[in-house]
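Understanding the architecture of this molecule
What follows is the residue order along each chain.
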Amino acid sequence: MKHFALFDVLYLGQNLETRIKDFSLNEIQILSYLGCLMSIYDGNNSSDWGYFFSKNNSGYPYSIELSNAMELLSNKKMIVQSSKNNEYFNTGATGIDFIDKLSNQLSIYSNRKQYLDVALNCITLAPFGVIRTALLNEPVLTSAKRKSSILLLEESDFATNLLYAQFQELRTALNNEFESLLIPAFTWLSGNLNHQIG
Amino acid sequence: MFSFPKLTSISINNFSLYEKEGNIELDFINGVFCLAGANGLGKSTFLNLINYGLTGIVIDPSKDFTSIVSTSKFYSLNKKFAHKYFDGRVNEIDREASNIRLTFSIGDVNYEIQRSLFESEELTSYSRKIDDIDTLTNDLTNSELFSSYCQHITNDIGLASFDQFVFLQHFVLSFDENHYLLFWNNELMETSLYLFFGVDPNEAKKANELRKDIKRFGSNIRNYVYHKNKLIKDVDNLKSNIASESDLKLPHGIQEEFEELDLKNIELDKDIVLSKNKLSQTNHKISEKSYELSQKKAEYQSTFDNLFSENNNNSFLSDPRVITSLLDLKKEICDDKKTDENFKIFYTLIKDGFCKKEVNKDMGFDELKVFDKAITELEEKIKVEQTTKFRIETEIKISNNELINNSSRIFELEKEYGDILNKLSELAKSDYSGVLKVYENQIREKSAEIEEIREEKANLEKEFKKIERVLNKGYNKAEEDFIPLFNKYAHNFLGLEVDLKLRNTSKGSTLVLIVEDTERSDFFQLSESQRYFIDIALRMALIEHSCNNATLLVDTPEGSLDIAYESRAGKMFGDFVDLGFNLIMTVNINTSQLLVELANKCKSSKMQLERMTEWTHLSEVQYQEEEKIINAYKRIEEILINR
Amino acid sequence: MESKFCDIVSNLFIAKLEKDFGFEGIERALFLANKIKSVYDVIDIRKFENIKIVTSLEKYRTINDKLIGTIYELNSSLELVTFSPSKSIFLEFTESGKIFFSEDDIDTESIKGLAIIYEKIGEYEYFHNKTDKDLLEPIAGIDSYFAPNTFKSLDEALEHYKTNVAKNTTCYILRGIWNDDNKIKIVDGSSEAIMRNSLCQFLRHRLRGLREVMPEQNVNERNPVDIKVFWNNTKHIAFIEIKWLGKSISNTTYSQRRALEGAKQLADYLDEYLQQNPNVVSNGYLVVFDARRRKIDSPISELTVEDVNFYRDKEIAYQPKYEEQRDDFAKPLRFFLNANLSN
């Protein structure tokens, strides 16, 4: 549903700008995709995330809902361009106020917050560019680059099954020893980067 | 639509129990007749007298009627009891003269009958008048009078046989001290249902016969199986003798194990059916709640959208009124005309139609919170139901597994048994082989007979099911009218949301009561008073649904009624009477909020109160309390008179 | 079957943190990470040989009272840290907002089980656990896990590469070009690929708005471009051509002329590309890895500091100056690679 996309943009945006000064749509897409994957790892369905990702030519995950949400928020001045460069944004006062309310007074978002937080904490503990590179190497995205436009994470897609197999392997390796989702996140990202992160 | 008797008067003569008064003469008004007295004065007897007068029957309380399946059998079983009943209540002197006379109307037809308390199949006098014109021929003997009465009343009511009337009068139109409850008594319920839901009474009669036959076949089959098993046991013993002589040990206890497993399987079957019922209830709840949840989510999204909506300029610029207004202005300006008018119009148009109203952000957000909470709660509830569902599914699985294991063991045993049998017959012991053969033949024959009967029974059951289907159809039709009726009564009484479902089981059809979404199919899930009054409510609903006229006889079980329900019960009775039906009830004078409520509702135009203390001598204890009793009467009578 | 994940987990520092300190430990580490970032925002990370930044496991306690050394509280500004001349620094951050600072080399053994301890020794970063310290596996192209590290423009990024990576060969990939630790001569064969790889990794990790960094395999005169950079939101493509100057072990010598040739090749390439793809906005970057040394053939023991630094500031004079003639040609960059005579 659209309101989830709106929430994600504001929540991720606000938290991104405290870490890397401002945020762009692509960065939001990356982090929300990572959050979605963590949610799947944790046992949810890809449809539980609230909106879908599709492939685009850049090899980045892309959700039209996120894109629309950013536009809407921009129109409403809840997010504002950070400089003359119209690619990067900061949250505006009304945006901060709104996300504060959504985040603290409604419980409909509390489930996804934990996954978004995992994604954000990944870039607290490691450089954003590294996380990004690692994520773009995961099987669904890399397979999507070779195909024509489709939805990502479709159940019938073999790349999705590859991803699930990876997650299963990951779960086995971790053997329930860790409570924090950061550990599977970093482990998995390192696996995709083929280089230890952390 | 049936028309049951509307009682207009009763006359009880030489009834020793009511010796104080001697002869009781009462006229019944349209509404409630309330016989109020203390315990042990003979209130229930009064109702029994009325029923005896109408049918010639008093129910034998020592007999268990839950096993009766046909109305004719019920009639024949109770015929003899009336004598015994009145024996204890009438002195020898009065015996000859004791009688009861009733007048009642069925529609336009006016009846007057009189019968002795000791001749149940005779009438001492009988008159049947339509518009004052006597419809009877003269010169009939008393028993002819009776059989003619039976015929007439059956036809006038609209039933197919007199014993149907007897059944209905005693089990549906009366609620008495024996408290036969319809709801939790499958056979009674079913018979009543057939009669009330528009199944052709002849068909109902046929259904009765079928049921009898099915039952008979059932017991025949059981008999035969018993004999067959006995034969098998004899063979078994025989063979163990052979075996011990020939060193072949026949394992003992096979039969026991076999029977035990069989029994276990029956139990398991029952459990599985119950569980499957619960499962489908749970599944239903889950899908209901899931649907609700998706609706709530959609509402959340649209409320969310509202926070962001605005009149954007596109809709403004493309609005035809705006365009027209602009064009008008353009024309005026270009023609150098005065533009004040059109500017004013344009201004008003924008101001009224297109200026953004400040969306009250906080209000919108509060709405979001409401939906958010609802969504969380629904998700919780669904989770709970899922857990239940999973638990029940597991239970079913376990039971099924056990069932399969038991069945395969049974199969094993049967194989094993057969094996040994073969082995033994190979031995060709001349002493026993001939005997064995005879036994085995008998067993075979018996098995064949059993099969035959089974087939016949199956056919009958098919036919029976057909009639049952008709009943269900009739019930479906009646459902629209009947359920709300019942709910009205039950709601008045219980104050809860109730619903009825017709369920077909192997024992027949029955109504199941659902209170607040939970089936109360078990007798013990309601309190005693609740059970009684639900049953009365059911009768009232049945009557209201299917009868033009009727008189309901109620022996009020007040002693067992919670105070909370007393005035509700009074209201329930009052509503019933308001519809034009009559109520003849007995109550205990010294408690009743029920009476107060009823008196308030009916007033003297619709309610008669009869002081039963005038009829008989009081006991010692009752004398001491006489003042209290009289005050209690006075209280009710005052309510009746006052506006 | 031992999966690769098992190996990764056994080396993962946050896994050890959770094992030793529980979920709380992770929470504190996240807190500390943000503080480390705030420190690296204001200091030149290469100035210090040893950096220790700690926070107590118990949220509202201070831990430095258990440590030996001159430690004083800062008044919420990190200015003293930025301008500190010391080679080692120590900082404690508390949940309540206090900052404690020392220029001593503090021994943190005594608080090992009571605090989250981050340590940077030279280039290597560690998080201490109860018994030991975990190395944060170095990643090519970044200075630190916590240093600010993204650039919005390629020019910025390349400038940074010049001073932070190329100058002292701080990238472990790039180190592969050297024959020896003295960094005098370059190896044969794969040195260009190594430079390309190093720069690619760097850009991949450090450019924001980046879509893809594509290294070229077949680099020749007609196609001199080593790296193509694509962005997400624009149609810009950056073409990076890499050339190196200096001497290889097998005596291949590249001098200034090579750079000039490279400039021409790049300009020609841009023209041809533009012809074939008129609606693309392209930018050409010539990047020169300068490993020239005076008397480069002399034995090492005879080389002086002046010798190896001779070409350090010798900018290449390009003729023609394409960056002035055309607007799709950036000013060529020269990355001087320092030698190492410390032995």
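Residues numbered from 1 in each chain as written. Chains lettered and ligands numbered in written order. Predicted model: local features only at pLDDT ≥ 70, side-chain atom pairs only at ≥ 80, totals over all residues.

Quick look at the overall build of chain A now. A count of helices and strands for chain A gives nine helices and five strands. Each helix and strand of chain A, placed in order from N terminus to C terminus, yields the pattern α-β-α-β-β-α-β-β-α-α-α-α-α-α. The 198 residues of chain A split such that 54% are buried. If you take every contact in chain A between residues at least 6 apart in sequence, the share linking residues at least 24 apart comes to 64%. (Helix = DSSP H or I, 4+ residues; strand = E, 2+ residues; numbered from the N terminus. Buried ≥ 20, exposed ≤ 12 C-beta atoms within 10 Å, placed from the backbone. Contact = placed C-beta atoms within 7 Å.)

All right, on to the sheet that holds strand β2 (residues 6-13) of chain B then. Residues and elements named next belong to chain B. Pairing in this open sheet of six strands is antiparallel, and the strands run β3-β2-β5-β6-β7-β8 from one edge to the other. Among the strands making up the open sheet, the edge pair consists of β3 (24-27) and β8 (133-134). Relative to strand β6 (residues 109-116), strand β5 (residues 99-106) runs antiparallel, the two sharing eight bridges. Across the sheet, Phe-104 pairs through a bridge with Tyr-111, a residue of β6. Along the sheet, helix α1 (residues 43-55) contacts β2, β5 and β6; its crossing angle with β5, the most-contacted strand, is approximately 70 degrees. Contacts between helix α5 (residues 142-157) and the sheet are confined to β5, β6 and β7 (125-130), with β7 contributing the most and set at about 35 degrees to the helix. (Pairing = 2+ DSSP bridges. Axes fitted to C-alpha atoms, helices over the stretch in contact; angles between N-to-C directions.)

Here we come to the interface of chain B and chain A. Each side of the interface is counted separately: chain B has ten residues, and chain A has ten residues. Contributions of two or more residues to the side of chain B that touches chain A are made by α9 (254-308) and α13 (361-426) of chain B. Of all the elements, α13(B) adds the most residues to the side of chain B that touches chain A, at six residues. Grouping the amino acids of the side of chain B that touches chain A by side-chain chemistry returns five nonpolar, two polar and three charged. (Nonpolar A, V, L, I, M, F, W, Y, C, P; charged D, E, K, R; others polar.)

The next point concerns the interface of chain A and chain C. Contact with chain A, which involves 32 residues of that partner, is made by 32 residues of chain C. For the side of chain A that touches chain C, the secondary structure elements donating two or more residues are α5 (110-125), α6 (128-136), α8 (158-174) and α9 (182-193) of chain A. By residue number, the principal contributor to the side of chain A that touches chain C is α9(A), which donates six residues.

This paragraph deals with the packing of helix α2 (residues 25-41) of chain A against α5(A). All names here are of chain A. Direction vectors running N to C along α2 and α5 enclose 120 degrees, while the axes themselves pass 8 Å from each other. Here α2 lies oblique to α5, going by the angle between them. As α2 packs across α5, the resulting crossing turns out to be right-handed. On α5, the residues touching Leu-31, Leu-34, Gly-35, Met-38 and Ser-39 of α2 are Arg-112, Tyr-115, Leu-116, Val-118, Ala-119, Leu-120 and Cys-122. A class-by-class count of the residues in the contact of α2 with α5 yields nine nonpolar, two polar and one charged. (Parallel < 35°, antiparallel > 145°, perpendicular 65-115°, else oblique. Left-handed = near helix turned anticlockwise from the far one by under 90°.)

What follows is about the pairing of strand β15 (residues 582-588) of chain B. All names here are of chain B. Summarising burial for β15: seven of the seven residues are buried, a large majority. Side-chain alternation along β15 places Asn-582, Ile-584, Thr-586 and Asn-588 on one buried face and Leu-583, Met-585 and Val-587 on a second face that is also buried. Here strand β4 (residues 32-37) pairs with β15 via six bridges, running parallel. The partner of Leu-35 across the bridge, within β15, is Thr-586. For strand β14 (residues 551-555) and β15, the ladder comprises five bridges, and the chain directions are parallel.

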